[in-house]
Number of protein chains: 2
Amino acid sequence: MKSPRIQPMNVGILGSGQLGWMMILEGRKLGNRFYILADEPGPAARVADVCLPVRDYEKFVDLCDVVTPEFEHVDLRALEYAHRQGKLFPPLESVVLKTDRSREKRFLRDHGFPIPDFQVARDAAEALALAKRMGRAVIKESRGGYDGKGQTYVGVGPGAAAPLRPAPSYVVEEYVDFDGEASIIASRDAQGRKLFHPPSSNENLEGILLRSEAPHADLGMRDIASRLLDALGYVGVLAVEFFLVDGKALINEFAPRVHNSGHHTLHGSSISQFEQHLRVITGLPVPEPVLFRPSGIVNAVGVEVDRRMQEKLLKVPETRTYSYGKSGLRKRRKMGHVNVTASSRQELTARIREVTRVLYGGDPLPCFLP
Amino acid sequence: MKSPRIQPMNVGILGSGQLGWMMILEGRKLGNRFYILADEPGPAARVADVCLPVRDYEKFVDLCDVVTPEFEHVDLRALEYAHRQGKLFPPLESVVLKTDRSREKRFLRDHGFPIPDFQVARDAAEALALAKRMGRAVIKESRGGYDGKGQTYVGVGPGAAAPLRPAPSYVVEEYVDFDGEASIIASRDAQGRKLFHPPSSNENLEGILLRSEAPHADLGMRDIASRLLDALGYVGVLAVEFFLVDGKALINEFAPRVHNSGHHTLHGSSISQFEQHLRVITGLPVPEPVLFRPSGIVNAVGVEVDRRMQEKLLKVPETRTYSYGKSGLRKRRKMGHVNVTASSRQELTARIREVTRVLYGGDPLPCFLP
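Source: prediction; values computed, not measured.

## So, the sheet that holds strand β7 (residues 151–154) of chain B
All names here are of chain B.
Link 1 in the chain: With antiparallel pairing, the four strands of this open sheet are ordered in space as β5-β8-β6-β7. Single-partner strands in this sheet number two, and they are β5 (118–121) and β7. This sheet shows a mean twist of 20° between the axes of neighbouring strands, independent of strand direction.
Link 2 in the chain: The sheet contact formed by strand β6 (residues 137–141) and strand β8 (residues 170–174) spans five bridges and is antiparallel. Residue pairing across strands places Ala137 opposite Glu174, the latter belonging to β8.
Link 3 in the chain: Running at roughly 45° to β8, helix α6 (residues 101–110) makes contact with β5, β6 and β8 of the sheet.
Link 4 in the chain: Strands β5, β6, β7 and β8 of the sheet are contacted by helix α7 (residues 124–134), whose axis makes an angle of about 5° with β8.

Rendered as structure tokens:
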């Protein structure tokens, strides 16, 4: 009875979106306190203990035991200060690589990972010339893009490519005519021990995840993710996204954080990606994840998961609706998602399709982004 | 895109303990706002949107769309005011019955439910005389007792019965030499539709739940709970606790709320008791619960689930630690619990025992309450 009270940890999250929101909701059971650094308080700020503006990043880092980003495009000074204090997880390089696609791509190529061919262009004219030489290509702005923003397809589909927005540099990437997309949620702890959730198949539309389903056949993804975790000297949860071509997996990109394609781990798995990340970065044990039941999600993009929608969605068996509570509905904005589980992969796919129909009012591909 | 935004609901919780805390954590995904009415802010107040003192009960009820207790011994004025406003779930009578054991017992007997024999005594001398006539009996104060408080055994075990504390009346109950204890988490919606989680077996020590494991054979519990839900005109989640004797189930008591023996539904089930209660009282659909995987819990009674303890507990596969963050450690106080899942009932029992050993440092029964 007289044992000393061991204090819970103060966990600092850089960013205030739905990833931080779910990290806090999943992490409360561990008894930690949660701090948010963000100028525009989003979903995470509403459930955090403390929210500080970005200008107070030093105070924020000093108050926290560990600091982790929920988004790559966060203030670099905060990342670097947390790094210097030995509090940043995952390591600085893995986050900074993601601020410039050309660095990410070079890192992957230099370490021998399977990726589509690419070249770096310094201006729009060079990018277009390189793309035309490749035949079919995607031109991506090196900095700032996510969820399909800042991307232009050349030689793919009908019509001419849209004019490029001015940018300091571009990555021109061979267009991969993939059979499918998939991703894996992996983690590595400070002792180098690695763990993997079973991969999920993903369907993206215009660069935004529409839905994912787990499990998916491995096709070498676990091995690639394992090598990437080591190459990055990583500590925390890492998401790796793949193109699947002829039964082989090519890395599309990685995310040095919890990831939308890992939301299925919230239900039907022995541990969610969010709790896993928190346990790893605070030094708590994480046994091998177990998938209890085929699990997937459907994103609500540009659609409110309000009460009227919930009434329809929750009639589908084994669904749980997540409403992020964002203040403004926008066309390409993720407003929430729906978790789905089922007794078989086939039943899961049927339920996922039903949820998609309820959310978007019909077949998703034509109506997804009107 | 122009659809009107349907507001989330304001859910009022009477009480601020761990049951309210978990209800809020589980309910955030639905987008509701949570209000707490309590004078001593506990775990639930730390994660609520608003916390009001009991004297402001009218303002509290007026602000909320629905009101629900997380504890029976809450302010009667608040219950009655919420009832008059048509906002109280479950119905007033089911909560008020629990403020007096003699009323609860008479209700169950009058409705023909299987319960142990009992009689009501108006003073201590009468209670002791009735108990001696029964041979083996439990004398319970009619009001205020929970977690084994206010109970005295007569003719059970060695030594004389402890002297009774003065009380306005007592329930004298035949001592049931049970083979085991079990409970079921049931719910009924406003349309009278009823749903059931599979029952769990429970082990109590000195009136406090030590651990529970699901599933357990039904033995008629589902049918009894179904009739009780109807008899109470119930809306919400109801927990019914049973003694098991010779393959039959006798009601020990019911709890008109989410319940400690239902915490196993947090992991390994398609829906937790907390989300189920919220969905039912706010009028959202609840499909039939599915148990994915044998699931159980071990309570941390008088033991902190601090970081040092978490480091040991989380090494056991498929465990999740819940630290309630209460401010003071006391001998009989529930400080947290551990959820456990496993691939079989046998593996679950082994893991539950291992978790008990880690929490209490040995065989639980001698060391549970030192």
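## Some points on the sheet that holds strand β2 (residues 33–37) of chain B
Residue and element names in this part refer to chain B.
Link 1 in the chain: Strand order in the open sheet formed by four strands is β3-β2-β1-β4, with parallel pairing between adjacent strands. Lying at the two open borders of the sheet, with one neighbouring strand each, are β3 (50–52) and β4 (66–69). Averaged over all neighbouring strand pairs, the angle between strand axes comes to 25°, with direction disregarded.
Link 2 in the chain: Both strand β1 (residues 10–14) and β2 contribute to a ladder of five bridges, which runs parallel. What sits directly across from Leu14, in β2, is Leu37.

## As for the interface of chain A and chain B
Link 1 in the chain: Tallying the contact residues gives 39 residues for chain A and 39 residues for chain B.
Link 2 in the chain: At the level of secondary structure, the elements contributing two or more residues to the side of chain A that touches chain B comprise α10 (307–313) and β16 (319–323) of chain A.
Link 3 in the chain: In terms of residue class, the side of chain A that touches chain B is built from 15 nonpolar, ten polar and 14 charged.

## Digging into unusual backbone geometry
Residue and element names in this part refer to chain A.
Link 1 in the chain: Residues Ala214 and Pro215 are joined by a peptide bond in cis, for which omega reads 0°.
Link 2 in the chain: Inspection of the secondary structure assignment puts Pro215 in the loop between β12 (208–214) and α8 (221–231).
Link 3 in the chain: For Leu219, which is not glycine, the phi torsion reads 50° and is therefore positive.
Link 4 in the chain: Looking at where Leu219 falls in the secondary structure, it is placed in the loop between β12 and α8.

## Notes on the pairing of strand β8 (residues 170–174) of chain A
Residues and elements named next belong to chain A.
Link 1 in the chain: Summarising burial for β8: four of the five residues are buried, a large majority.
Link 2 in the chain: Note: strand β5 (residues 118–121) against β8, four bridges, orientation antiparallel. Its bridge partner lying in β8, Gln119 is registered against Val172.

About the thresholds
Residues numbered from 1 in each chain as written. Chains lettered and ligands numbered in written order. Predicted model: local features only at pLDDT ≥ 70, side-chain atom pairs only at ≥ 80, totals over all residues. Pairing = 2+ DSSP bridges. Helix = DSSP H or I, 4+ residues; strand = E, 2+ residues; numbered from the N terminus. Axes fitted to C-alpha atoms, helices over the stretch in contact; angles between N-to-C directions. Contact = placed C-beta atoms within 7 Å. Nonpolar A, V, L, I, M, F, W, Y, C, P; charged D, E, K, R; others polar. Buried ≥ 20, exposed ≤ 12 C-beta atoms within 10 Å, placed from the backbone.

Take it as geometry only, folks, not as evidence of what the structure does.
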